[in-house]
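Coordinates in review
In case you want the letters, here they are:
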Amino acid sequence: MNTDKIMSADAAHIMHTYGRLPVVPSHGKSATLFDIEGKKYIDFTSGIGVNSLGFADKGWCDAVTSQAEKFAHVSNYYYCETASLLAEKLTALTGLKKVFFANSGAEANEGAIKLARKYSFDKYGAGRHTVITLTDSFHGRTVTTLSATGQDKFHNYFFPFTDGFRFSPANDIDALKAAVDDTVCAIMMEPIQGEGGVNIVKDDFVKAVKDICDEKDILLIFDEVQTGVSRTGKFLASQYFCVDADIVTLAKGLGGGLPIGAFLAGSKCAETLCPGDHGSTFGGNPVSCAAACEVVDRLSGEEAMNEILEKGKYISDAVRSFGLSSVVEVRGKGLMIGIQVNCDPKLCLTEAVKNGLLILTAGKDVVRLLPPLTITFPEIDEGLTILKKILTSTGEEK
Ligand SMILES: *Cc1c(COP(=O)(O)O)cnc(C)c1O
């Protein structure tokens, strides 16, 4: 099928829930993608922070094929070597005690919410079920994680939503204190809000939240679905805060392109979920876990972290040095970068694709970059040249 045929088959048979860009990928390597017409794109997106090792990474492909050739699935009634290995690595890297494997970010967050509510129910009985999340947060697309998402545009059509969520603005400790009452069992936040606009949550705010949590036995949950697995230059972005979380959720970059999500629990609540309390048919899929082991092995060492920080700084500095009037601010950590623009970020995105660069948007006015963590410097330079061109021309058009 050619590009037009594939696009019309999609339009005819796939529900129109995504505003797709007119690109039909053929194959890729590292951060370079080719479409079926042979056009080349530099990838500053990793999907949406998923392909942490880039396209067709040799070690990743070997890990995946080697497990697929043995067996792809048996069911969670049996043990799984790759899941155990992955769990061992994740607990060692995070300091948390136990993990549950799911298939996506939303599922990981659902599980984290269930865990927090059961922890509270076991200790205090019914009625202590409220989860506070932050304004402009994003936690997923299931009915419950939509409820948890602090953006009004996600609270339409699908009524009734799950009860028991309350929103408070990031970095406003007085507002948060006012939102806490005897019904609260957990406070959940992204260390850097991804979809909401690459908004950095401040250190002193998180420390103050942690104090409230300790004082009232409220669980602190970090949604690291986007920020986790070395994206920001630490294995968890919340490790920048130096506070211990009770629950951390992961997904996007963990499998390097295969679906996997996880929630990890610290000593307080690692034993809360018992047989029958939670489960997933596909959760902890052996092939996904083998992929994730490779991702974690390759991206959790000091050398990898330094490289991520170095590349992040290189890109951010370069964008600042463009000196363009369309760029308001460049922010983020590691290879999670937000470029606040005063032109339409959606227009930047379509222009970028035309010029052979894949980028993302976030919030109302942010161009978001989440390149593969293994992107090469020549690829970065190639991408930056295109980025400068499109930020210059769309800036002029506004
Ligand atoms: C993407 C994302 C989710 C949802 O993950 P899915 O895999 O799409 O369900 C949840 N939280 C954050 C912070 C995300 O970025």
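Structure: above.
Below or above, wherever it landed, is the structure these notes cover. (Residues numbered from 1 in each chain as written. Predicted model: local features only at pLDDT ≥ 70, side-chain atom pairs only at ≥ 80, totals over all residues. Heavy atoms only, no water.)

Quick notes on the sheet that holds strand β11 (residues 247-250)
How we decide: Any two strands between which DSSP finds at least two bridges are classified as paired. Comment: elements are numbered from the N terminus, with helices defined as DSSP H or I runs of at least four residues and strands as E runs of at least two. The axes used here are C-alpha line fits, helices contributing only the stretch in contact, and every angle between their N-to-C directions lies in the interval 0 to 180 degrees.
A sheet is described by the order of its strands in space; here 7 strands give the open sequence β4-β12-β11-β10-β7-β5-β6, paired in mixed fashion. In this open sheet, the two strands that pair with only one neighbour each are β4 (98-102) and β6 (165-168). The average undirected angle you get between the axes of adjacent strands in this sheet is 20°. Two elements, β4 and strand β12 (residues 261-265), share 5 bridges in a ladder whose sense is antiparallel. Bridge pairing links F101 to A262 in β12.

Focus on the pattern of salt bridges
We count it as follows: We define a salt bridge as a side-chain nitrogen of Lys or Arg found within 4 Å of a carboxyl oxygen belonging to Asp or Glu. Categorising residues by exposure relies on relative accessible area from a 1.4 Å probe, with only protein chains included: less than 20% of the type maximum marks a residue as buried, more than 50% marks it as exposed, and the intermediate range marks it as partly exposed.
Here the structure, examined in full by the defined rule, presents 20 salt bridges. A salt bridge links D317 to K313, with the nearest nitrogen and oxygen atoms 2.7 Å apart. Of this pair, D317 and K313 both sit in helix α10 (residues 302-321), separated by 4 residues, roughly a single helical turn. We classify K313 as exposed; its relative accessible area is 53%. In this structure, K354 and E351 form a salt bridge, with 3.0 Å as the shortest nitrogen-oxygen distance. With K354 and E351 both in helix α11 (residues 345-354) and 3 residues apart, this pair spans about one turn of that helix. A relative accessible area of 18% places E351 in the buried class.

Side note on the packing of helix α4 (residues 81-94) against helix α9 (residues 286-299)
Our working rule: Crossing handedness is read from the near helix: turned anticlockwise from the far helix by less than a right angle, it gives a left-handed crossing, and turned clockwise, a right-handed one. Here, two residues are considered to be in contact whenever any of their heavy atoms come within 4.5 Å of each other.
Two numbers describe how α4 lies on α9: the axes approach to 8 Å, and their chain directions differ by 35°. By crossing handedness, the relation of α4 to α9 is classed as left-handed. Along the contact surface, α4 presents T82, A83, L85, L86, K89, L90 and L93, while α9 presents P286, C289, A290, A292, C293, V296 and D297.

What about the nonpolar core?
Generally speaking, soluble globular proteins have nonpolar side chains that are buried together. Going by this rule: We call a set of buried Ala, Val, Leu, Ile, Met, Phe, Trp, Tyr and Cys residues a nonpolar core when their side-chain atoms join them within 4.5 Å. What counts as a domain boundary in this text is fixed by an automatic or database domain assignment.
M189, I359 and L387 are the most contacted members of the largest nonpolar core, which has 79 residues in total. Top element by residues in this core is α9. It accounts for 8 residues. Residues lining this core come from more than one domain, with at least three contributed by each of domain 1 (3-56 + 302-397) and domain 2 (71-299). What L387 contacts, discounting residues up to four positions off in sequence, is V319, F322, I339, L357, I359 and L369. Counting residues in hydrophobic clusters, the runner-up holds 20 residues, among them Y119, V131, L219 and I247.

Considerations on the packing of aromatic side chains
The following threshold applies: Pairs were defined over the aromatic rings of Phe, Tyr and Trp, the Trp ring being its six-membered one, requiring ring centres within 6.5 Å. Orientation was assigned from the angle between planes: stacked under 30 degrees, edge-to-face over 60, tilted for the rest. When the NZ atom of lysine or the CZ atom of arginine is within 6 Å of a ring's centre and also within 35 degrees of its normal, the charge is said to sit over that ring.
Counted by the stated rule, this structure contains 6 aromatic pairs. An angle of 80° between the planes, with centres 5.7 Å apart, marks the rings of Y157 and F158 as edge-to-face. The residue whose ring lies beneath R128 is Y124, and the NZ or CZ to ring-centre distance is 4.2 Å. The ring of Y240 is capped by K333, whose NZ or CZ atom sits 4.8 Å from the centre of that ring.

Comments concerning unusual backbone geometry
Residue F159 is joined to P160 through a cis peptide bond whose omega torsion reads 0°. Its location among the elements puts P160 in the loop between α6 (143-148) and β6. Backbone geometry places V198, a non-glycine residue, at a positive phi of 55°. Topologically, V198 is positioned in the loop between β8 (192-193) and β9 (199-200). Residue V198 is classed as buried on the basis of its relative accessible area of 0%. Phi at V229 is positive, roughly 55°, even though this residue is not glycine.

Describing the layout of surface pockets
Rules: In the cavity and pocket records, a cavity denotes points on a 1 Å grid over the protein atoms alone where a 1.4 Å probe fits but cannot get out, a pocket denotes an open set with protein on both sides within 12 Å along at least 5 of 7 lines, and lining residues are residues with an atom within 4 Å of a point. Grid points are joined across faces, edges and corners, and a volume is the space filled by probe spheres set on the points. In this count, Pro and Cys sit with the nonpolar residues alongside Ala, Val, Leu, Ile, Met, Phe, Trp and Tyr, while Asp, Glu, Lys and Arg are called charged and the others, Gly among them, polar.
Its boundaries defined by the atoms lining it, the second largest pocket holds a volume of some 880 Å³. As for the second largest pocket, its lining consists of 27 residues, and the residues nearest its centre are N76, K98, V99, F100 and F101. Put simply, the parts of the chain that give the lining of the second largest pocket at least two residues each are α4, β4 and β12. Looking at the lining of the second largest pocket element by element, the count peaks at 4 residues for β4. For the lining of the second largest pocket, a count of residues per class yields 17 nonpolar, 9 polar and 1 charged.

Spatial relationships are all this shows, so hold off on functional conclusions.
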